[in-house]
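Fold and geometry: a report
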Amino acid sequence: MRIDFVRDMGGCRILGKVWDGWWRGPRVCSFHKITGFGTEARRQLQPRGSSKRSGSLGNQPFPGLLQPENLSREELVEVLRASVVDQKGPLVTLNKPQGLPVTGKPGELTLLSVLPELSQSLGLGEQELQVVRAAGKETSGLVLLSSCPQTTSRLQKFFAHSRRAQRPTATYWAVTDGIPATSEGKIQAALKLEHIDGVGLVVPVKSPSRKDILEGVKRTLSHFRVVAMGSSCALVQLQPLTVFPSQLQVHMVLQLCPVLGDHRYSSRVGTVLGQRFLLPAETTKPQKQVLDEALLRRLHLTPSQAGQLPLHLHLHCLRLPGSRPRDTPIELLAPLPPYFSRTLQCLGLRQQ
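Predicted model only: the values in this text are computed from it and were never measured.

Calculation notes
- Residues numbered from 1 in each chain as written.
- Predicted model: local features only at pLDDT ≥ 70, side-chain atom pairs only at ≥ 80, totals over all residues.
- Heavy atoms only, no water.
- Helix = DSSP H or I, 4+ residues; strand = E, 2+ residues; numbered from the N terminus.
- Contact = heavy atoms within 4.5 Å.
- Areas by Shrake-Rupley, 256 points an atom, 1.4 Å probe, with all protein chains shown as cover.
- Salt bridge = Lys/Arg side-chain N within 4 Å of Asp/Glu carboxyl O.
- Buried < 20%, exposed > 50% of the residue type's maximum accessible area, 1.4 Å probe, protein only.
- pLDDT = per-residue confidence, 0-100.
- Patch = residues over 30% accessible without salt bridge, like charges linked within 9 Å, V, L, I, M, F, W, Y side chains within 5 Å.
- Phe/Tyr/Trp six-rings, centres within 6.5 Å; stacked < 30°, edge-to-face > 60°.
- Lys NZ or Arg CZ within 6 Å of the ring centre and 35° of its normal.
- Core = buried A, V, L, I, M, F, W, Y, C linked by side-chain atoms within 4.5 Å.
- Pairing = 2+ DSSP bridges.

Focus: the overall build of the protein
- Across its full length, the protein carries nine helices and 14 strands.
- Pairs at least 24 apart in sequence give 69% of the contacts found in the protein among residues at least 6 apart.
- A total accessible area of about 16,900 Å² is found for the protein, and carbon and sulfur atoms account for 49% of it.

Right, here's the structure in full:
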């Protein structure tokens with residue numbers, strides 16, 4: 001698979017071709033052939049905090065990092081508009097900033113809550129956008145939106161069918177604190193969502209019973225592959241084959257290699273005399289991720305800055321179906337945020 005380390009948040013590339021055929025049908029919105037995916041969006045819109053050249057990342061600890069909670073509704077709409085990497089037919093693709101929730105409680109500022117304004121801003125009129133696929137709140141990366149209900153339904157059916165067939169459609173990049181014991185493999189774990197001290201946390205379940213499954217425990221599966229390693233860290237490709245909250249973060253904790261910037265689950269990995277081990281998930285409370293002094297020096301961070309480190313988990317690639325069943329799938333690629341690129345530079349992590 002192709003890896004595209006573009007420095008800014010505003011670009012996206014697509015491999016292959018989409019023809020309007022597979023979207024066609026009675027009363028189904030058409031989606032025209034895509035050529036030069038994202039070129040127009042890159043030329044017209046440059047999101048705030050982005051950087052075209054790696055050398056301009058400077059000494060900022062987290063270049064390009066937004067704080068969506070500090071934005072007004074109008075400012076968030078403008079940020080999302082500047083994050084559009086392509087708009088063709090009924091589909092709109094964004095490169096979502098880290099920290100922006102997709103959904104939330106009534107009255108909260110979320111991606112979903114501003115879709116009507118975003119639709120108007122993009123000139124869609126009464127065709128309101130719907131979320132087809134999106135990175136989670138703490139994750140950066142691709143968001144696929146559609147203004148056509150039939151197209152939304154077809155794509156969601158495609159994703160559901162791919163999960164049943166165990167064909168990955170989403171690829172994430174993660175920087176991990178620690179290097180997995182094997183260069184690639186599968187991570188399987190039964191997970192459940194528990195409320196511990198008023199906080200919703202994902203907890204592994206050993207040998208789940210049929211009753212556990214009926215009560216909400218889910219067997220989860222992810223593929224992983226180490227792309228690069230160095231400085232006791234790794235750049236890891238992750239492909240989830242199931243859908244569960246915080247699945248990838250918990251899976252990497254089970255590998256004793258928490259994702260960099262994971263302030264929710266990384267405390268479950270303990271260290272004694274240089275040896276890592278798992279602490280009980282039910283009794284280990286979330287806390288700011290603790291990094292050793294050598295890693296802090298490489299990242300040029302103080303301990304207090306490390307406590308603000310954003311989660312280094314990025315939805316980099318989505319696979320969409322071609323026009324016909326045997327056609328080559330299309331790959332949407334979203335570049336890494338600038339702070340992610342800075343971390344790769346500091347740690348000397350490169351594609352091998």
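Additional details are given in the paragraphs that follow.
As for the pattern of salt bridges
- Applying the stated rule across the entire model yields six salt bridges.
- Salt-bridge contacts for Lys 192 lead to Glu 194; the nearest nitrogen and oxygen are separated by 2.6 Å.
- A residue is classified by how much of its surface remains accessible, and Glu 194, at 22% relative accessible area, is partly exposed.
- Two residues, Asp 197 and Lys 285, come together in a salt bridge whose shortest N-O distance is 3.6 Å. In this pair, Asp 197 is assigned in the loop between β7 (184–196) and β8 (199–205) and Lys 285 in the loop between β12 (275–278) and α7 (293–299), connecting sequence segments 88 residues apart.

Some words on helix α2 (residues 73–82)
- Every buried residue of α2 is listed here: Leu 76, Val 77, Val 79, Leu 80 and Ala 82.
- On the buried face of α2, the contacting elements are β2 (84–88), β3 (91–96) and α3 (115–121).

With respect to the confidence of the model for the protein
- Here the protein averages 84 in pLDDT, and 82% of its residues register 70 or above.
- Every residue in residues 1–56 scores below 50 in pLDDT, and together they form 150 contacts with partners more than four places removed in sequence or on other chains.

With respect to helix α6 (residues 247–254)
- With respect to burial, α6 is a largely interior element, seven of its eight residues being buried.
- Along α6, the residues that are buried comprise Gln 247, Leu 248, Gln 249, Val 250, His 251, Met 252 and Val 253.
- Count one or two residues on from α6 and you reach Leu 256, which has phi positive near 65 degrees.

Some thoughts on unusual backbone geometry
- One non-glycine residue, Leu 256, lies in positive phi territory at about 65 degrees.
- Position of Leu 256 among the secondary structure elements: in the loop between α6 and β11 (269–272).
- The class of Leu 256 is partly exposed, set by a relative accessible area of 24%.
- We note that His 300 has phi near 55 degrees; this positive angle belongs to a residue other than glycine.
- Considering the arrangement of structural elements, one finds His 300 in the loop between α7 and α8 (303–306).

Observations concerning the environment of Leu 144
- As for its placement among the helices and strands, Leu 144 is situated in strand β5 (residues 140–146).
- Separated by 174 residues in the primary sequence, Leu 144 and Leu 318 place their C-alpha atoms 8.9 Å from one another.

A short note on a nonpolar patch on the surface
- There is a patch of nonpolar side chains on the surface, built from Val 272, Leu 273, Phe 277 and Leu 279 and spanning about 400 Å² of accessible area.
- Its location among the elements puts Val 272 in strand β11.

Things to note about the packing of aromatic side chains
- Scanning the model with the defined rule gives one aromatic pair in all.
- Summarising the aromatic geometry, the rings of Phe 158 and Phe 159 are spaced 5.5 Å apart at their centres and angled 55 degrees between planes, so their arrangement reads as tilted.
- Above the ring of Phe 159, the side-chain terminus of Arg 133 is found at 4.7 Å from the ring centroid.

A look at the nonpolar core
- Core analysis: the largest hydrophobic core is formed by 28 residues, its most contacted members being Leu 144, Leu 155, Tyr 172, Leu 238, Leu 313, Leu 315 and Leu 320.
- For this core, the elements supplying multiple residues, two or more each, are β5, α4 (149–164), β6 (170–177), β9 (218–230), β10 (233–240), α6, β13 (313–320) and β14 (330–333).
- Once you skip the residues sitting within four places of it in the chain, Leu 144 turns out to touch Leu 91, Val 92, Thr 93, Gln 130, Val 131, Val 132, Arg 133, Leu 155, Leu 318, Leu 320 and Leu 332.
- Listed in part, the 21 residues of the second largest apolar core include Phe 62, Ala 228, Leu 299 and Leu 301.

Here's the deal with the pairing of β9
- In this structure, β7 lies alongside β9, joined through eight bridges in antiparallel fashion. By the bridge assignment, Glu 184 is partnered in β9 with Arg 225.
- Relative to β10, β9 runs antiparallel, the two being bridged by eight bridges. Paired with His 223 across the bridge in β10 is Gln 239.

As for the environment of His 195
- Tracing the sequence through the fold places His 195 in strand β7.
- On the basis of relative accessible area, His 195 is assigned to the exposed category, the value being 66%.
- Between the alpha carbons of His 195 and Glu 282 there is a distance of 9.7 Å; along the sequence they are 87 residues apart.

Section: the environment of Thr 171
- Positionally, Thr 171 belongs in strand β6.
- With 146 residues separating them in the primary sequence, Thr 171 and Cys 317 have C-alpha atoms 5.0 Å apart.

Here's the deal with the pairing of strand β4 (residues 130–134)
- Two strands pair when backbone bridges link them, and β4 and β5 are joined in this way by four bridges, in the antiparallel orientation. Bridge pairing links Ala 134 to Val 143 in β5.
- The hairpin turn running from β4 into β5, its antiparallel successor, is five residues long.

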